[in-house]
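# Understanding the architecture of this molecule
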Amino acid sequence: MDTPGFAIAIMAAGKGTRLKSKRPKVLHEIGGRALLLHVIAAAKQVVAAENIYCIIGHEADRVRDAVASTGVQFVLQTEQRGTGHALQMVKASFALSGAPVPENLLVLSGDVPLIRPETIEHIRQVHLGEKAAMTILTAVPPDPTGYGRVIRANPGTSSPEVLGIIEQKSLSADQLDTPEINSGIYCFQTSALFEKLDLLDTNNAHGEFYLTDVAAMLVADRERVVAVKADSIDEVLGANTIAEMMHLDAAMRFATAKRLMASGVTIFRPETAVIDSEVTVGPDTVIEPYVQLLGATRIGSDCRIRSYSVIQNSTIGDQVIVRNGCIMDSASVADSAVLGPYAHLRPESNIGVGAHLGNFVETKKVTLGAGSKANHLNYLGDAVIGAGVNVGAGAITCNYDGVHKHQTTIGDNVFVGSDSTLVAPVTIESGAYIAAGSCITEDVPSGSLAIGRSRQTTKEGWVARKKQAGESH
Ligand code: UD1
Ligand code: CA
């Protein structure tokens with residue numbers, strides 16, 4: 001889709017004072033991803049990363065680090081003196097680098113995250129078709145308060161022409177009910193924009209250089225400024241406060257849930273599901289209320305994910321049952337496994353086909369073979385466990401000696417009796433039995449029984465003798 005002579009600038013240098021947060025605004029997340037990354041992803045669908053100029057300033061290093069992997073260019077705005085000033089910095093950077101100035105420059109806001117590539121492309125087409133100096137993306141939301149308003153030249157007609165943009169604080173009494181907002185997204189003929197940037201001033205409510213003032217300046221020069229309305233209002237909503245962000249987050253996650261439902265996934269009470277946009281789920285999987293599916297999670301088909309489970313960056317096969325309250329992070333679970341309730345799969349847990357992990361079982365860096373079971377109150381860390389193994393209630397691996405982690409290896413078809421402690425490094429070969437309550441510190445050969453506890457002694461008649469002794473005092 002790339003056209004020579006076309007570039008995109010993304011304004012992302014502001015602090016986001018209205019958020020009252022230490023984190024820069026454009027790094028706040030919706031749908032599990034930073035606002036700015038959403039905007040960059042949309043821009044990259046339209047132009048190559050080297051034609052995207054990200055204007056950064058407040059906490060510039062942090063913002064740059066968070067998005068550097070996208071390959072975009074950066075323009076530094078050390079002092080944030082307004083959106084007009086942000087574009088002045090772009091102009092200065094072209095002058096400094098000597099890079100060719102693109103014929104048209106599309107400007108996006110780092111805090112308007114739901115913008116779609118199709119809409120960016122549409123603005124560009126309208127801009128070229130109208131031969132405009134400036135094309136403004138607008139919308140008519142239910143509550144326009146807080147946004148700059150677009151003043152039309154011929155209101156009530158089909159003419160797209162605009163007279164100017166007036167910021168909320170500068171609206172006169174008769175302009176207060178102007179319904180059409182400026183989305184903060186524009187396409188400019190770059191030479192016309194650059195000429196006007198130098199003429200901006202700070203005589204306004206915020207004492208800033210407003211990019212929006214360029215509209216009226218161009219009109220005064222008889223240049224063409226037009227508005228194009230967005231198809232969806234959500235797409236142009238800004239995220240200036242946490243509440244606005246959570247509104248967008250909900251809209252985005254609801255769209256994800258709807259997409260999954262359209263592909264055959266059942267989601268009960270979809271408004272309670274917290275599902276990141278990259279998550280994939282196979283058909284006929286059922287997701288109960290209050291489930292979180294985060295990051296790069298992939299779930300197969302015919303699974304059931306019961307309420308209150310939180311699954312992050314994990315892969316789950318087909319026909320898996322995840323009972324209530326499971327927590328999974330960077331784990332992988334093969335087909336037909338059964339987890340929980342309340343299983344905790346920490347990173348590098350690989351659960352085999354048809355394996356079971358029951359209540360209050362924690363795993364970390366573990367491979368559990370096909371059909372193996374650890375059903376009650378276990379801790380399994382740094383272990384390779386074969387197929388057909390039964391780990392009894394309360395049995396654990398002691399993988400940490402206070403300084404180093406050590407490995408436990410368990411062969412196929414081993415039976416680990418309840419409440420055993422396996423002190424690593426230790427190997428239990430296939431088919432061996434561990435007696436309940438054992439503390440195993442030495443390797444156990446295949447097919448043997450290991451008992452690592454003191455023998456039971458039973459003192460017959462002891463209770464009666466004790467009572468008698470008590471009475472004689
Ligand atoms: C801006 C528009 C307003 C529009 C609204 C849409 C102006 C003057 N007003 O207002 O008409 O309705 O967006 O969301 O442009 N930024 C910089 N450098 C700066 C200041 C801001 O890069 O010096 C960036 C911010 O990080 C942000 C974007 O520009 O991503 C918009 O800035 P913000 O302060 O949020 O503008 P609004 O008040 O929302
Ligand atoms: Ca804003």
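These notes cover the structure that comes with them. (Residues numbered from 1 in each chain as written. Chains lettered and ligands numbered in written order. Predicted model: local features only at pLDDT ≥ 70, side-chain atom pairs only at ≥ 80, totals over all residues. Heavy atoms only, no water.)

### Observations regarding the layout of surface pockets
The volume enclosed by the largest pocket comes to roughly 1100 Å³. Forming the boundary of the largest pocket are 35 residues, of which R18, K25, T83, E208 and N240 lie nearest the centre. When residues of the lining of the largest pocket are traced back to their parent elements, those giving at least two are α3 (83-97) and β10 (181-189). With 4 residues, β10 is the largest single contributor of residues to the lining of the largest pocket. Across the lining of the largest pocket, the residue classes break down as 9 nonpolar, 19 polar and 7 charged. Put simply, the second largest pocket is a space of about 350 Å³. Sorting elements by how many residues they give to the lining of the second largest pocket places helix α7 (residues 242-262) first, with 5 residues. Partitioning the lining of the second largest pocket into residue classes produces 4 nonpolar, 3 polar and 6 charged. (1 Å grid on protein atoms, 1.4 Å probe; cavity = no way out; pocket = protein on both sides within 12 Å on 5 of 7 lines; lining within 4 Å. Points joined across faces, edges and corners; volume = space filled by probe spheres on them. Helix = DSSP H or I, 4+ residues; strand = E, 2+ residues; numbered from the N terminus. Nonpolar A, V, L, I, M, F, W, Y, C, P; charged D, E, K, R; others polar.)

### Looking at the pattern of salt bridges
Under the criterion given, the structure shown has 16 salt bridges. The closest approach of N and O atoms between D276 and R253, which form a salt bridge, is 2.7 Å. Taken together, the residues D276 in the loop between β13 (274-275) and β14 (280-281) and R253 in helix α7 connect sequence positions 23 residues apart. In this pair, the class of D276 matches that of R253, namely buried. Each of the salt bridges in this network shares a partner with another, and the network as a whole consists of E130, E161 and R224. (Salt bridge = Lys/Arg side-chain N within 4 Å of Asp/Glu carboxyl O. Buried < 20%, exposed > 50% of the residue type's maximum accessible area, 1.4 Å probe, protein only.)

### Looking at the site of ligand 1
For ligand 1, the set of nearby residues contains 25 residues, the closest of which are G14, Q77, T83, E167 and N182. A12 places a main-chain nitrogen or oxygen 3.5 Å from an oxygen atom of ligand 1. Calculation on ligand 1 without its partners gives an accessible area of 750 Å², and the protein chains cover 91% of this total. Cavity membership is defined here by more than half of the atoms lying within 2 Å of grid points; on that basis ligand 1 lies in the largest pocket. (Near = heavy atom within 4 Å. Polar contact = N/O pair within 3.5 Å; in protein donor to acceptor, adjacent residues only side chain to side chain. Areas by Shrake-Rupley, 256 points an atom, 1.4 Å probe, with all protein chains shown as cover. Sits in = over half its atoms within 2 Å of the grid points.)

### Points about the nonpolar core
In this structure, L293, I316, V333, L339, L345 and I351 are the most contacted members of the largest nonpolar core, which totals 50 residues. Put simply, the parts of the chain that give this core at least two residues each are α7, β28 (362-368), β30 (379-385) and β36 (426-428). Not counting the four nearest positions on each side in its chain, L345 is found in contact with I327, M328, D329, A331, V333, L339, I351, L357 and T363. Of all hydrophobic cores here, the second largest spans 46 residues; its members include C54, V63, I185 and V236. (Core = buried A, V, L, I, M, F, W, Y, C linked by side-chain atoms within 4.5 Å. Contact = heavy atoms within 4.5 Å.)

### A closer look at the coordination of the calcium ion (ligand 2)
Protein-derived ligands of the calcium ion (ligand 2) are D111 (OD) and N240 (OD1), with the metal-ligand distances lying across 2.3 to 2.5 Å. Here D111 is found in the loop between β6 (104-109) and α4 (117-130), whereas its partner N240 is found in the loop between β11 (225-229) and α7, with 129 residues between them in sequence. Accessibility classification places D111 together with N240 in one group, the buried group. (Donors = N, O, S within 2.8 Å, 3.2 Å for Na, K, Ca; no water.)

### What to know about the packing of aromatic side chains
The final tally for this structure, using the stated rule, is 6 aromatic pairs. Ring geometry for F415 and Y433: centres 5.1 Å apart, planes at 20 degrees, overall stacked. Taken as a pair, F415 in strand β34 (residues 415-416) and Y433 in strand β37 (residues 433-434) lie far apart in primary sequence, 18 residues in all. By relative accessible area, which is 33% here, F415 ends up partly exposed. Residue classification places Y433 among the partly exposed positions, given a relative accessible area of 46%. Connected via pairs of aromatic rings, a cluster forms that spans Y53, F94 and F194. The ring of F74 carries R64 above its face, with NZ or CZ at 5.2 Å from the centroid. (Phe/Tyr/Trp six-rings, centres within 6.5 Å; stacked < 30°, edge-to-face > 60°. Lys NZ or Arg CZ within 6 Å of the ring centre and 35° of its normal.)

### Points about the pairing of β28
Looking at chain direction, strand β25 (residues 344-345) and β28 are connected through 2 bridges and run parallel. Along β28, the bridge assignment pairs L345 with T363. With 3 bridges joining them, strand β26 (residues 349-351) and β28 adopt parallel strand pairing. Within β28, the position partnered with I351 by the bridge is L368. (Pairing = 2+ DSSP bridges.)

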